[in-house]
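# A look at the structure
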Amino acid sequence: MGGFAAIGECMIELSGANGDQWRMGFAGDTLNTTWYVRALTKTEYPVDYVTAFGDDPFSMKQRAFLNENGIQTANSPIIAGARPGLYAISLTGAERSFTYWRNDAAARQLADDTEALAQSLAGREIVYFSGITMGILSPKNRENVLNAVKNAREQGSLIVFDANYRPRLWENADTAQQVLSDAFRVTDIALPTFPDENALFGDATPDHTADRIAGFGVGEIVVKDGTEPALVVADGRRTNVPATIAKAVDTTGAGDSFNGGYIASRLAGFDPVKAAASAHRVAARVVEFHGALAPMSEARAAFG
Ligand SMILES: Nc1ncnc2c1ncn2[C@@H]1O[C@H](COP(=O)(O)OP(=O)(O)OP(=O)(O)O)[C@@H](O)[C@H]1O
Ligand SMILES: O=C(O)C(=O)C[C@H](O)[C@H](O)CO
């Protein structure tokens, strides 16, 4: 099968509020990264989003949207009577905050069927997941995802992980620390964001974040930090790669699009430092649009 597969939750997104008028789209951190990997790789490269769908009209629209945009859904189950979660973006300047309605979302059942999950990941070049993927699941399903990822890794997949800490998804900080640390232990490329790691683990600097994650045996780490440089730790070197200047209107999906750009650049054969520079260019363009998903053509133009 080959290609890229991401595991997670695609929600309905409300963005770009103009008074009480909102724009409806689809988004969710791992989907956002998938979107940019799709935009920045050749059409024939398989790109799949692995989740669980409902069967209501919004779920059907969601599946059609992915399909129309060249994103397949592998063996993702369709669950009778279930529906997608929803979130809305509030802005203070370009800085985003989210309100969620997602507790009964279909995606929470994405790891009920371990056989389907294993098949969705079989033979992939890259498997991508995040702390949000883990946060939405029951303890049993967190274990199922971790086992599926571990098995994929043993069969040769490269595992890419962004901890994307969202406190509201977790029963408590201790559990989040444990689960996210376990995820780092099965990761080849870690793409964390410094403020998230600082909030959960108390890291004082991006270097501390990199040290902690390297301690789990991760060989390639990029610590993002908004408009500050990204710290790239790879090939025995540490390099600060400056961000690209942007006229930001909405930073939703900045980190996810960075990850998509980084993965696509690494797949194209560029080294981690060059990949981080391309990733910054993509993310700087994405923050100039409302919502998590900027047009694929814009991401391509920025990627170069
Ligand atoms: N205001 C900005 N101007 C230019 N680039 C930005 C800006 N904010 C973010 N970026 C780009 O996005 C990358 C990730 O930013 P940040 O660390 O804020 O992500 P994040 O909080 O993980 O985002 P999200 O979780 O919403 O995807 C940065 O490394 C940078 O390339
Ligand atoms: O916060 C979440 O759970 C989301 O997936 C919504 C946003 O698209 C995501 O946080 C942006 O990184």
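For the chain, an unreviewed UniProt entry supplies the name 2-dehydro-3-deoxygluconokinase and the organism Phyllobacterium ifriqiyense.

## Some remarks on the site of ligand 1
Taken together, 21 residues lie around ligand 1, and Arg166, Thr193, Gly226, Gly255 and His280 are the ones closest in. Against a free-state accessible area of 640 Å², the protein chains account for coverage of 90% of ligand 1. Only helix H9 (254-267) and helix H10 (272-286) provide two or more residues apiece to the shell around ligand 1. Sort the elements by how many residues they give to the shell around ligand 1 and H9 lands first, with 4 residues. Counted by class, the shell around ligand 1 contains 6 nonpolar, 10 polar and 5 charged residues.

## Overview of the site of ligand 2
Residues in close proximity to ligand 2 include Met11, Gly28, Asp29, Asn32, Tyr87, Phe98, Tyr100, Arg102, Ile132, Arg166, Gly253 and Asp256, which together make up its full environment. A distance of 2.9 Å separates an oxygen atom of ligand 2 from a polar side-chain atom of Arg166. Burial of ligand 2 by the protein chains amounts to 98% of its free accessible area of 320 Å². For the shell around ligand 2, the secondary-structure elements that each account for two or more residues are helix H1 (29-40) and strand S6 (95-101). Its residues assigned to classes, the shell around ligand 2 shows 5 nonpolar, 3 polar and 4 charged.

## Looking at the pairing of strand S8 (residues 158-162)
Of all the 5 residues making up S8, 4 are buried; the element is thus mostly covered by neighbouring parts of the structure. The sheet contact formed by S8 and strand S9 (residues 189-190) spans 2 bridges and is parallel. Paired with Val160 across the strands is Ile189, a residue of S9. In this fold, the crossover linking S8 to S9 by way of helix H6 (residues 173-185) has right-handed handedness.

## Notes on the pattern of salt bridges
Tallied over the entire structure, the rule returns 16 salt bridges. As a salt-bridge pair, Asp48 and Arg124 come within 3.2 Å of each other at their nearest N and O atoms. With a gap of 76 residues between them, Asp48 in strand S4 (residues 47-50) and Arg124 in the loop between helix H3 (114-121) and strand S7 (126-130) connect regions that are remote in the sequence. The class for Asp48 is buried, based on a relative accessible area of 6%. Arg124 gets classed as buried once you look at its relative accessible area, which sits at 2%. Residue Asp104 is joined to Arg83 by a salt bridge in which the shortest nitrogen-to-oxygen separation is 2.8 Å. Separated by 21 residues along the polypeptide, Asp104 in the loop between S6 and H3 and Arg83 in the loop between helix H2 (57-68) and strand S5 (86-92) bring together distant segments of the chain.

## Focus: H2
Under the 1.5 Å per step criterion, the end-to-end length of H2 is 16 Å for 12 residues, consistent within 8% with the ideal 16 Å. Within the span of H2, buried status applies to Ser59, Gln62, Phe65 and Leu66. End-on, the buried residues of H2 take up no more than an arc of 120 degrees, which puts them together on one face. Along H2, exposed side chains directed more than 90 degrees from the buried face belong to Pro57, Lys61 and Glu68. Tucked inside the fold, the buried residues of H2 contact strand S2 (11-18), strand S3 (21-27) and H1. Here H2 starts with a cap whose side-chain oxygen sits 3.2 Å from the backbone nitrogen of Phe58, and that cap is Asp56.

## Side note on the packing of H9 against H10
At a closest axis distance of 7 Å, the pairing of H9 and H10 adopts a crossing angle of 140 degrees. Comparing their axes, H10 and H9 come out oblique. Relative to H10, H9 is oriented so that their crossing is right-handed. Packed against H9, whose contacting residues are Ala254, Ser257, Phe258, Gly261, Tyr262, Ser265 and Arg266, the element H10 presents Pro272, Lys274, Ala275, Ala276, Ser278, Ala279, His280, Val282, Ala283 and Val286 at the interface. Taken together, the residues of the contact of H9 with H10 break down into 10 nonpolar, 5 polar and 2 charged.

## Brief notes about the packing of aromatic side chains
Within this structure, the stated rule accounts for 10 aromatic pairs. Measuring from ring centre to ring centre gives 5.2 Å for Phe161 and Phe184, while their planes differ by 90 degrees; the resulting arrangement is edge-to-face. Taken together, the residues span a long stretch of sequence, with Phe161 in strand S8 and Phe184 in helix H6 at a distance of 23 residues. The exposure class assigned to Phe161 is buried, which follows from its relative accessible area of 0%.

Rules used in this analysis
Residues numbered from 1 in each chain as written. Chains lettered and ligands numbered in written order. Predicted model: local features only at pLDDT ≥ 70, side-chain atom pairs only at ≥ 80, totals over all residues. Heavy atoms only, no water. Near = heavy atom within 4 Å. Areas by Shrake-Rupley, 256 points an atom, 1.4 Å probe, with all protein chains shown as cover. Helix = DSSP H or I, 4+ residues; strand = E, 2+ residues; numbered from the N terminus. Nonpolar A, V, L, I, M, F, W, Y, C, P; charged D, E, K, R; others polar. Polar contact = N/O pair within 3.5 Å; in protein donor to acceptor, adjacent residues only side chain to side chain. Buried < 20%, exposed > 50% of the residue type's maximum accessible area, 1.4 Å probe, protein only. Pairing = 2+ DSSP bridges. Right-handed = clockwise from strand over helix to strand, strands pointing away. Salt bridge = Lys/Arg side-chain N within 4 Å of Asp/Glu carboxyl O. Expected span 1.5 Å × (residues − 1). Arc of directions from axis to C-beta. Contact = heavy atoms within 4.5 Å. Axes fitted to C-alpha atoms, helices over the stretch in contact; angles between N-to-C directions. Parallel < 35°, antiparallel > 145°, perpendicular 65-115°, else oblique. Left-handed = near helix turned anticlockwise from the far one by under 90°. Phe/Tyr/Trp six-rings, centres within 6.5 Å; stacked < 30°, edge-to-face > 60°.

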